[in-house]
Amino acid sequence: MIEGLGLPAEARLSNILERDTGREHLNFGTGGNFGPLQYALLYKSMAAAFDHNQVIVAVLPDNDFRDMDQEWWQKTAPGRYRPYYAADFSIVYEGHFDPNAGESTWDHVEAVLRAYLASYHVGQYLISRSYWRNLHPYSGYNDYTEIDLARLKRSLEDIKHTADAHGAKVTVILIPRLSDFLRLHQAGTNRLGPVMERWGREVGIPIKDLLPEMDARANGNFRQYFLPCDGHWSARGNDVAASIVEPWLSTNK
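Residues numbered from 1 in each chain as written. Predicted model: local features only at pLDDT ≥ 70, side-chain atom pairs only at ≥ 80, totals over all residues. Heavy atoms only, no water.

### Focus on helix H11 (residues 235-250)
Put simply, the rule is: For the purposes of this entry, the term helix denotes a DSSP run of H or I that reaches at least four residues, the term strand denotes a run of E that reaches at least two, and both are numbered from the N terminus. Here the expected length of a helix is defined as 1.5 Å per residue gap, with one fewer gap than residues. Only protein chains enter the accessibility calculation, which uses a 1.4 Å probe. A residue is then buried if its area is under 20% of the maximum for its type, exposed if over 50%, and partly exposed in between. Contact criterion: two residues are considered in contact whenever any of their non-hydrogen atoms come within 4.5 Å of each other.
Spanning 16 residues, H11 covers 23 Å between terminal C-alpha atoms, matching the ideal 22 Å at 1.5 Å per step. Within the sequence span of H11, burial applies to Gly237, Asn238, Val240, Ala241, Ala242, Ile244, Val245, Trp248 and Leu249. Packed against the buried residues of H11 are helix H1 (12-21), strand S3 (54-59), strand S6 (169-174), strand S7 (207-209) and helix H10 (211-216).

If you want it as structure tokens, here you go:
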């Protein structure tokens, strides 16, 4: 099983699934704004070479739509080398490949600070916590556009095409962030989940939206699912997600 293409820092989930199911999981989740198009390219070019019979794609709507938005990245980090879908869904690249990325003077200085100064980590924690507290309440579950949705569907279709060639089955889980829970409670909205689950049934890709069941099990305290410093799942969030995903996967092997 190749598990977790695109899985963010909730990587503990794959360890729980491997422990509980007794089936090997290879987690190809990658940090650094790695979007669904890149999941598809990673799977086709590298991960598919491993023996596997199932692919679990973990979609994080909180940033996965933006990760495929060329216009957004042109404003946010112009010149960054990364792939995008063109209007006709061909793949285009922007920027130039830098074989020495991560080797600047500051990169080396930061490595030393991380290794030897606890105060550096405290400062990073305080900055991160302030960032997450003041973050604009974007909800990937609700604020996506039709082109965002079309790109996501295309990336999953590309993954399924590669999986079909290797005799593997594709399953998808949708991971909510805190902002998605807040929008659900404030406005009662979850646009994405029903749309994607219905589309998945139409194209033969089982899709599980974790938001409704995780919310139902939170007893009103959905904040317990997240770390206060960076918005990723806490141990509790991972455990509850696993308890939902495991029985669902057992019926979608």
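Structure shown, so let's carry the discussion forward.
### Here's the deal with the pairing of strand S5 (residues 91-94)
Stated precisely, the cut-off is as follows: Strands were regarded as paired on the criterion that DSSP finds at least two bridges between them.
In this structure, strand S4 (residues 82-85) lies alongside S5, joined through 4 bridges in antiparallel fashion. Looking at the pairing, tyrosine 84 lines up with valine 92 of S5. Hairpin remark: S4 followed by S5, antiparallel, with 5 residues in the connecting loop; positive phi at phenylalanine 89, about 70 degrees.

### Quick look at the side chain of aspartate 67
Tracing the backbone through its elements, the reader meets aspartate 67 in helix H3 (residues 61-67). Those residues in contact with aspartate 67 that lie beyond four places of it in its chain are Asn33, Phe34, Gly35, Trp73, Arg82 and Tyr84.

### A word on unusual backbone geometry
One non-glycine residue with positive phi stands out, namely phenylalanine 89, at about 70 degrees. Here phenylalanine 89 is to be found in the loop between S4 and S5. According to the relative accessible area criterion, phenylalanine 89 is partly exposed, its value standing at 23%. One non-glycine residue, asparagine 219, lies in positive phi territory at about 55 degrees. Structurally, asparagine 219 can be placed in the loop between H10 and H11.

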